[in-house]
Amino acid sequence: MQGLKPTPQPVDNERGTMLYNGDMFDRTWSSNLSDTEFIMEKLSNSKSTEQIVSEIKKLKGPFSIVYYDKASHHLIFSRDRIGRNSLLFHNSGSSFVISNVLGRKYPCIEVPATCIYSLNIIANKINLYPWDNSTEIYNTYSVEDWLQNVQDQQNLPDNEFVIKFDTLDLNDEENLIEEIENISKNSNNKLLIMKNLLANTVILNTVAKITELLEKSVRVRLETQPNKCKNCIKKENIICCHCTTGILFSGGLDCTILAILADKYVPKNQPIDLINVAFKIKDNSSYDVPDRITGRQSFEELKLLCKSRQWVFREVNIPRDKLEHYQSLVIGDLVYPRHTILDESLGSALWFAAGGGFVDSDVSPCRILLLGSGADELFGGYTRHRNAFKRNSWIGLSKELMLDWKRISFRNLARDNRVICDHSRQPRMPYLDEDLVNYVIKLKPWLKCFPSTHLENGIGDKLILRLVALYNGLNQVVFLPKRALQFGSRIANNKQKGSDVSSTFI
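Residues numbered from 1 in each chain as written. Predicted model: local features only at pLDDT ≥ 70, side-chain atom pairs only at ≥ 80, totals over all residues. Heavy atoms only, no water.

A. Geometry of the overall build of the protein chain. Helices and strands together make up the secondary structure of the protein chain, namely 16 helices and 15 strands. Over its C-alpha atoms the protein chain spans a radius of gyration of 23 Å, differing by no more than 12% from the 23 Å that the globule rule assigns to 506 residues. Projecting the C-alpha coordinates of the protein chain onto the three principal axes gives extents of approximately 70 × 55 × 50 Å. Burial statistics for the protein chain: of 506 residues in total, 55% are counted as buried. Within the protein chain, contacts between residues separated by at least 24 positions form 70% of all contacts whose residues are at least 6 apart in sequence. Surface accessibility of the protein chain: about 22,600 Å² in total, with carbon and sulfur atoms responsible for 48%. Taking the average location of the 63 positive side-chain charges in the protein chain and that of its 59 negative ones, the two points are 3 Å from each other. (Helix = DSSP H or I, 4+ residues; strand = E, 2+ residues; numbered from the N terminus. Rg over C-alpha atoms; globule rule 2.2 N^0.38 Å. Buried < 20%, exposed > 50% of the residue type's maximum accessible area, 1.4 Å probe, protein only. Contact = heavy atoms within 4.5 Å. Areas by Shrake-Rupley, 256 points an atom, 1.4 Å probe, with all protein chains shown as cover. Lys, Arg positive; Asp, Glu negative; His and termini not counted. Charge placed at Lys NZ, Arg CZ, Asp CG, Glu CD.)

B. Structural view of the pattern of salt bridges. By the definition in use, this model includes 35 salt bridges. The shortest N-O distance in the salt bridge between Asp 333 and Arg 104 comes to 3.0 Å. Of this pair, Asp 333 sits in helix α9 (residues 320–335) while Arg 104 is found in the loop between β6 (96–99) and β7 (109–110), placing the two residues 229 residues apart along the sequence. Looking at Asp 333, the relative accessible area reads 26%, which means it is partly exposed. Note that Arg 384 and Asp 404 form a salt bridge whose closest N and O atoms lie 2.9 Å from each other. Assessed through its relative accessible area of 25%, Arg 384 is described here as partly exposed. Beyond isolated ion pairs, a larger network of salt bridges with shared partners links Asp 254, Asp 376, Lys 462 and Lys 482. (Salt bridge = Lys/Arg side-chain N within 4 Å of Asp/Glu carboxyl O.)

C. View of the UniProt feature "domain: Glutamine amidotransferase type-2" (unreviewed entry) in the protein chain. As annotated in UniProt, the feature "domain: Glutamine amidotransferase type-2" (unreviewed entry) corresponds to residues 32–99 in the numbering used here. Secondary structure across residues 32–99 divides into 28% helix and 31% strand, with the first and last C-alpha atoms of the span separated by 28 Å. (UniProt positions renumbered as here; feature names shortened; annotations may be inferred.)

D. A look at the sheet that holds β7. The strand order β6-β5-β7 describes an open sheet built from 3 strands, whose pairing is antiparallel. Only two strands of the sheet have a single neighbouring strand rather than two, namely β6 and β7. The pairing of strand β5 (residues 88–91) with β6 spans 4 bridges and is classified as antiparallel. Bridge pairing in β6 links Asn 91 to Phe 96. (Pairing = 2+ DSSP bridges.)

E. Just the sheet that holds strand β1 (residues 11–12), in detail. The strand order β1-β2-β3-β4-β8-β9-β10 describes an open sheet built from 7 strands, whose pairing is antiparallel. On the outer flanks of this sheet lie β1 and β10 (139–142), each paired with one strand and no other. The pairing of strand β4 (residues 74–79) with strand β8 (residues 115–120) spans 4 bridges and is classified as antiparallel. Bridge pairing links His 74 to Asn 120 in β8. Lying on the sheet, helix α3 (residues 143–154) is in contact with β4, β8, β9 (125–130) and β10; it crosses β10 at an angle near 105°. (Axes fitted to C-alpha atoms, helices over the stretch in contact; angles between N-to-C directions.)

F. Up close: the pairing of β8. Judged by how many residues are buried, β8 sits mostly within the fold: 6 of 6 residues are covered. Burial of the side chains of β8 extends over both faces: Cys 115, Tyr 117 and Leu 119 are buried on one face and Ile 116, Ser 118 and Asn 120 on the other. Where β8 meets β9, 6 bridges bridge the pair, whose relative direction is antiparallel. Counterpart to Tyr 117 in the pairing with β9 is Leu 128.

G. Looking closely at the side chain of Ser 142. Position of Ser 142 among the secondary structure elements: in strand β10. Contacts of Ser 142, omitting those with residues within four sequence positions, involve Asn 124 and Lys 125.

H. Here's a closer look at α9. Under the 1.5 Å per step criterion, the end-to-end length of α9 is only 19 Å for 16 residues, more than 12% shorter than the ideal 22 Å. At Gln 327, α9 shows its largest kink, close to 60°. Along α9, the residues classified as buried are Leu 323, Tyr 326, Gln 327, Ile 331, Gly 332, Leu 334 and Val 335. Where α9 is buried, its residues contact β12 (272–280), β13 (311–319), α10 (341–354) and α13 (413–421). (Expected span 1.5 Å × (residues − 1). Bend = angle between axes of the 7 residues up to and from the residue.)

I. Quick look at the state of the cysteines. Overall, the coordinates contain 0 disulfides when judged by the stated rule. In this model Cys 115 remains outside any disulfide bridge; the closest cysteine sulfur is found in Cys 108, 19 Å from its own. No disulfide involves Cys 306; its sulfur sits 14 Å from that of Cys 255, the nearest cysteine. (Disulfide = S-S within 2.5 Å.)

J. Here's a closer look at the packing of aromatic side chains. Applying the stated criterion to the full structure yields 14 aromatic pairs. Each ring, one from Tyr 326 and one from Trp 351, has its centre 5.2 Å from the other, and the planes form 40°; the classification is tilted. Here the residue Tyr 326 occupies a position in helix α9, and Trp 351 occupies one in helix α10, the gap between them amounting to 25 residues. For the residue pair Tyr 326 and Trp 351, the accessibility class agrees, reading buried in each case. Aromatic pair Trp 394 and Trp 446: ring centres 5.5 Å apart, planes at 80°, arrangement edge-to-face. Residue Trp 394 is found in helix α12 (residues 383–406), and its partner Trp 446 is found in the loop between α14 (434–440) and α15 (463–471); the two are separated by 52 residues along the sequence. Owing to a relative accessible area of 10%, Trp 394 belongs among the buried residues under this scheme. (Phe/Tyr/Trp six-rings, centres within 6.5 Å; stacked < 30°, edge-to-face > 60°.)

K. Spotlight on the packing of helix α5 (residues 190–198) against α15. Between α5 and α15, the least distance of the axes is 10 Å, while the angle of their chain directions is 90°. Judged by the inter-axis angle, α5 sits roughly perpendicular to α15. Where α5 approaches α15, its residues Leu 191, Met 194, Lys 195, Leu 197 and Leu 198 are matched on the opposing element by Leu 463, Arg 466, Leu 467, Leu 470 and Tyr 471. Within the contact of α5 with α15, the residues separate by chemical class into 8 nonpolar, no polar and 2 charged. (Parallel < 35°, antiparallel > 145°, perpendicular 65-115°, else oblique. Nonpolar A, V, L, I, M, F, W, Y, C, P; charged D, E, K, R; others polar.)

Structure below.
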């Protein structure tokens, strides 16, 4: 994805050996060099394990990395601090296997993104380094004890997931809570409510800042690439006019905002694929599932707003027999070690969507896929956020939002990375950019969402992101309620419990 040509891996020199998979977006080096070569130079010039760890802490972007320091016999490995890339660890007793994907033949754990790990392969000890600026070792384990500790944590149900909460600042200096409540009570016109909210200076400035950071995130994720599609990537001295960028597109709020921002930075001679997946699980059902309907609606709105862009709405239709065939053949191994019904549904839906229509003859040639991952966790898009507010007002909502953010790397991100990359496409998630995240998590909860009784689903959930959509010229999508991918695409049976073990993937 970066540099003039692909860098063969592993990268090796007299000081160390490295495997790297990821994207660095804060380029401070020549565009002729790939990020792999740049990182290898930094790590192999480090004089100690602590210096290597310090260099890894400076990396900004999604990645997974394994580096062997030949002098100290330490194997340093890590995912990025948000956990956007996958990294798995298998212990056979006589050897260790570390990989992005392993499959069901290798009992393994997902390496937690909470630390950077240094394995002394002679002493069989793992040192854990926290992501803060300290060079101190956070903890030391034997490999077996570390694996057991991680497994115990990853097997905890959500309601037993324990975190240390940061100090909550819920002072409403601007008296915004009362103002938002008054605006929402004084009209039944949803659009008028949103416009009146945007008239507030604090809210408008927040919306403008989020737009600025999100647009910057989209821009760097679109411009950091060779700008060639799958079919042209090995050809030299040509200008590719095919689709290089696709968007996983349900037509909902998060992905439609990404689409209208992407239009500014994808070359006008290239189409943008809007990839929309639907499943026919029952023989008498149709592919006009909820996400297909909203997808078409938002597609039409984008065509009106961005007339110079060629938008391609790709309908990916998956019958039950194809779903079951590929779940058994490949998806189960990609989702592993995740194994719940929710993992089965979401992993399968994303795998088929990322395929871009490969089961038909017309396949998307894009190499980059934009996803809306992280928007619900950051901006309060789940029903549990509204329930937390009902139970314990703003304190309850603040803690629920913080809990969601603290456990985001334990939940979907690694699994999603594995299934999407299987199609040789690079997932890029603009909402999970470090600069945007750092800004949003410091906002007061009422500047993210406002799940009061006066602002129903489709307004109060992700309120600030809905205002971002309106601020950027969108209208219809502003009021669409949150709908989970597994239900919007009709892959899931809503009578099944998502946390139960999948019989398909055993």
